[in-house]
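These are the residues of each chain, in order.
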Amino acid sequence: MSRLKGDVAVAGIGEVPTGRYPERDCMDGCVISAVQAIADAGIKKDSIDFVIPCGTVFSSAYNSDLVTSRVVEELGLKGIHNNAQVFSGGASSASILKVAGSLVESGIARNVLCVHSDKLGTGLSGQAGIDLFAYAGIHREWEVPFGQHYSSIAGLVTTRYKHETGTTDEQITAVQVSNRKWAELNPNAMFRKPLTIEEVMASKMLSTPIRAKHSNMLADGGAAFIVTSAERARDLTDTPVYVLGSGGRVTHHSLSQEADLTRFGYADAAADAFAEAGLSPKDIDIAEIYDSYPIFELIALEEMGFVERGQGGAFFLEGRTWPGGELPTTTNGGMSSQGHTGGGGGVAILVEAFRQLMGKAGERQVPDARFAAVSATGGTYVDAQIEILGNQIS
Amino acid sequence: MTQSEERPCRPEPEVSRVGAPFWEAARNGKLIIQHCRSCNENIFYPRIRCPKCHSDALDWIEASGKGVIYSYSVVQNNAPSGFLADMPYVVAIVRLPEGVQMLTNIVDCDPDSIHCDMPVEVVFRQVENFDLPLFRPAGNK
Ligand SMILES: [Zn+2]
């Protein structure tokens, strides 16, 4: 069990709107969200001593800039001891928080700027985006030659899950509707018009049973947050958010090598995180669950212990995850509605958890939220990462 | 002139050093998997060391060629470039009785007839310069 509980906090957040912004450079997303996070934390820029830029997918040249301290130079940060990239695809949010928290806990760093930006919406053509995700993280000897890509991956998982649980397409689709209910209230989301089950079910079939509107949408976006000690966070801001527990499991690299397509490692990861926090699912006010496709949000919610296996679909369909529902879930709208910015999809969900616990979520603020559980997963859903956060120490 | 001529080919496997014998056997219509002499584990895909015990005492054994579909998905739209001409095609994970799983395509049947846990058997099909191990419904000669 880690020693971060209650000792590490997030003091500030920033985010640029997610969507298609051809006129916005990728570095704009980094710099603007970082400046916001620094201001939100009320921290002097030169007291930041460590920068963690998340990996960027749309351009390896741009990513090389991040690796070699361009963010430090752009922001004129004069107190930086290290700039080190942390990247585990969609699970980067969890990895960055664990690394930044450990640096602070150990004393290696005092104040860590964590920042992400990507340009997957306008930095690539449509087919280039499809082709990028036909290779990224997919085994080039044993899976690529058979036409594996992210829609077929979601299709394989959804098909087996339906087979084992009897969950219907309508229930799975209800995840998209729930996410959209939240995105309607999120000015940074890409898609904000109401969405119906009928509309999703009428969209074109990509890879059975996944339809176009079950899919996330590649987008431009960026977000940032400042990790520091709990003590310094309390001095800086009235709204620190504490890291209370974390857990993770890596189960495969290639989807075909996963032993249980309907569970992955969420149950064990969540058990570790809840044990460290001294909390259980019934104590959680908000579930910020990584989607990218509805099936992964459904499986995570069940395996983390919020709802019984096979009952998740009905839970979403009944509106229990919606604004005003008993378990507000994925309150930024997830990658299906806010948009998928590569490694940033998970960062946006993590930042949303901070935002809610800081009481800064505007129209979609969950009243009296104290504790949030956050999930993330990367690549072909290779891992299950869980963080428990709170605006008080549990 | 046809659209398919303008489309990119299906991507060939990027053959690894340890995977090369598999592709050579496939050319001769044999489905082989690794077997660890140290711990008796059957292994697929081919590994540099046994993933269970890290031994390098790895042999090849011929698999029965039988399997069951663990899960599947029929790709109908938005395939990767090299597969646009093949749509609809079926991606599946097949579990072999030897205790390993592999990604493949299901062929020689109506995609609507496919279901989870369906028995299948291997059939090799040439794609570009490779013979890929694909699967068809068992007993469907
Ligand atoms: Zn062995």
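In this text, all values refer to a predicted model and were calculated from it rather than measured experimentally.

1. A word on the side chain of T341 of chain A
Residue position: T341 of chain A is located in the loop between α13 (334-337) and α14 (344-358). The contact partners of T341 of chain A, leaving out residues within four places of it in the chain, are T18, H116, D118, L120, A219, D220 and G221 of chain A.

2. With respect to the sheet that holds strand β10 (residues 371-376) of chain A
Residues and elements named next belong to chain A. Strand order in the open sheet made by the nine strands is β3-β2-β4-β7-β1-β8-β11-β10-β9, with mixed pairing throughout. Two strands lie at the open edges of the sheet, namely β3 (82-83) and β9 (286-288), each paired on one side alone. Strands β1 (8-19), β2 (50-53), β4 (112-119), β7 (220-229), β8 (241-250), β10 and β11 (383-390) of the sheet are contacted by helix α4 (residues 92-106), whose axis makes an angle of about 25 degrees with β7.

3. Regarding the pairing of β8 of chain A
Residue and element names in this part refer to chain A. Of all 10 residues that make up β8, seven are buried, and the element is covered over most of its length. Here two bridges tie β1 to β8, and the two strands are oriented antiparallel to one another. Residue A9 lies in a different strand from β8, and its bridge partner there is Y242. Bridge analysis of β8 against β11 gives eight bridges, and the strand direction is antiparallel. Looking at β11, one finds that Y242 is bridged to G390.

4. Remarks on the coordination of the zinc ion
Residue and element names in this part refer to chain B. Bound to the zinc ion on the protein side are C36 (SG), C39 (SG), C50 (SG) and C53 (SG), at distances that span 2.3 to 2.4 Å. One can describe the site at the zinc ion as tetrahedral: its four donor atoms subtend angles covering 103 to 115 degrees at the metal. Between the donor residues of the zinc ion, the gaps in sequence give the motif C-x2-C-x10-C-x2-C. In this pair, C36 sits in strand β1 (residues 32-36) while C50 sits in the loop between β2 (42-43) and β3 (58-62), placing the two residues 14 residues apart along the sequence.

5. A few points about the state of the cysteines
Disulfide: a covalent bond connecting the sulfur atoms of a pair of cysteines. Residues and elements named next belong to chain A. Counted under the stated rule, the structure contains zero disulfides over all chains. Of all cysteine sulfurs in the structure, the one in C30 sits closest to C26, which takes part in no disulfide; the separation is 6.2 Å. A relative accessible area of 6% places C26 in the buried class.

6. Section: the nonpolar core
All names here are of chain A. Ranked by internal contacts, the top residues of the largest apolar core, which has 118 residues, are L113 and I388. The element contributing the most residues to this core is helix α1 (residues 26-41), with seven residues. Those residues in contact with L113 that lie beyond four places of it in its chain are A34, I48, F50, V51, I52, V71, L75, L77, A224, F225 and I226. Among the nonpolar cores identified, the runner-up in size contains 41 residues, and V86, I286, Y290 and V374 belong to it.

7. A closer look at the sheet that holds β1 of chain B
Residue and element names in this part refer to chain B. Within the open sheet, the three strands sit side by side as β2-β1-β3. Their pairing is antiparallel. If you trace the sheet from one side to the other, it starts and ends with β2 and β3, each paired once. Relative to β2, β1 runs antiparallel, the two sharing two bridges. In the strand pairing of β2, Q34 is matched with I43.

8. Some thoughts on the packing of aromatic side chains
Summed over the entire model, instances satisfying the criterion amount to 13 aromatic pairs over all chains. Taking the centre distance of 6.3 Å and the plane angle of 20 degrees together, the rings of W142 of chain A and Y45 of chain B count as stacked. Placement of W142 of chain A in the loop between α5 (126-132) and α6 (150-165) and of Y45 of chain B in the loop between β2 and β3 is noted, with the two residues assigned to different chains. Accessibility expressed as a relative area gives 4% for W142 of chain A, which makes it buried. Overall, the relative accessible area of 15% leaves Y45 of chain B in the buried class.

9. Digging into helix α10 (residues 266-277) of chain A
Residues and elements named next belong to chain A. In this model, α10 (12 residues) spans 16 Å end to end at C-alpha, consistent with the 16 Å of a helix rising 1.5 Å per residue. Taken residue by residue, α10 has Y266, A269, A270, A273, F274, E276 and A277 as its buried positions. With its buried residues spanning 160 degrees around the axis, α10 presents them on a single face. Where α10 is buried, its residues meet β8, α11 (294-303), β10 and β11. Looking one or two places after α10, you find G278, whose phi comes out positive at around 70 degrees.

10. Points about unusual backbone geometry
Note: most residues except glycine have negative phi, and most peptide bonds are trans. The step from T208 of chain A to P209 of chain A runs through a cis peptide bond, and the omega angle for that step is -5 degrees. One can find P209 of chain A in the loop between β5 (205-207) and β6 (210-211). F44 of chain B connects to Y45 of chain B through a cis peptide bond whose omega is 0 degrees. We note that D108 of chain B has phi near 65 degrees; this positive angle belongs to a residue other than glycine. Relative to the helices and strands, D108 of chain B resides in the loop between β6 (101-106) and β7 (119-127).

11. Remarks on the environment of A287 of chain A
Residues and elements named next belong to chain A. Inspection of the secondary structure assignment puts A287 in strand β9. A relative accessible area of 0% means that A287 is categorised as buried. C-alpha separation for the pair A287 and A174, spaced 113 residues apart in sequence, amounts to 16 Å. If sequence neighbours within four positions are ignored, A287 has contacts with L301, F306, L327, P328, T329, T330 and A373.

Conventions used here
- Residues numbered from 1 in each chain as written.
- Chains lettered and ligands numbered in written order.
- Predicted model: local features only at pLDDT ≥ 70, side-chain atom pairs only at ≥ 80, totals over all residues.
- Heavy atoms only, no water.
- Helix = DSSP H or I, 4+ residues; strand = E, 2+ residues; numbered from the N terminus.
- Contact = heavy atoms within 4.5 Å.
- Pairing = 2+ DSSP bridges.
- Axes fitted to C-alpha atoms, helices over the stretch in contact; angles between N-to-C directions.
- Buried < 20%, exposed > 50% of the residue type's maximum accessible area, 1.4 Å probe, protein only.
- Donors = N, O, S within 2.8 Å, 3.2 Å for Na, K, Ca; no water.
- Tetrahedral: all angles 85-135°; square planar, octahedral: opposite > 155°, others 65-115°.
- Disulfide = S-S within 2.5 Å.
- Core = buried A, V, L, I, M, F, W, Y, C linked by side-chain atoms within 4.5 Å.
- Phe/Tyr/Trp six-rings, centres within 6.5 Å; stacked < 30°, edge-to-face > 60°.
- Expected span 1.5 Å × (residues − 1).
- Arc of directions from axis to C-beta.

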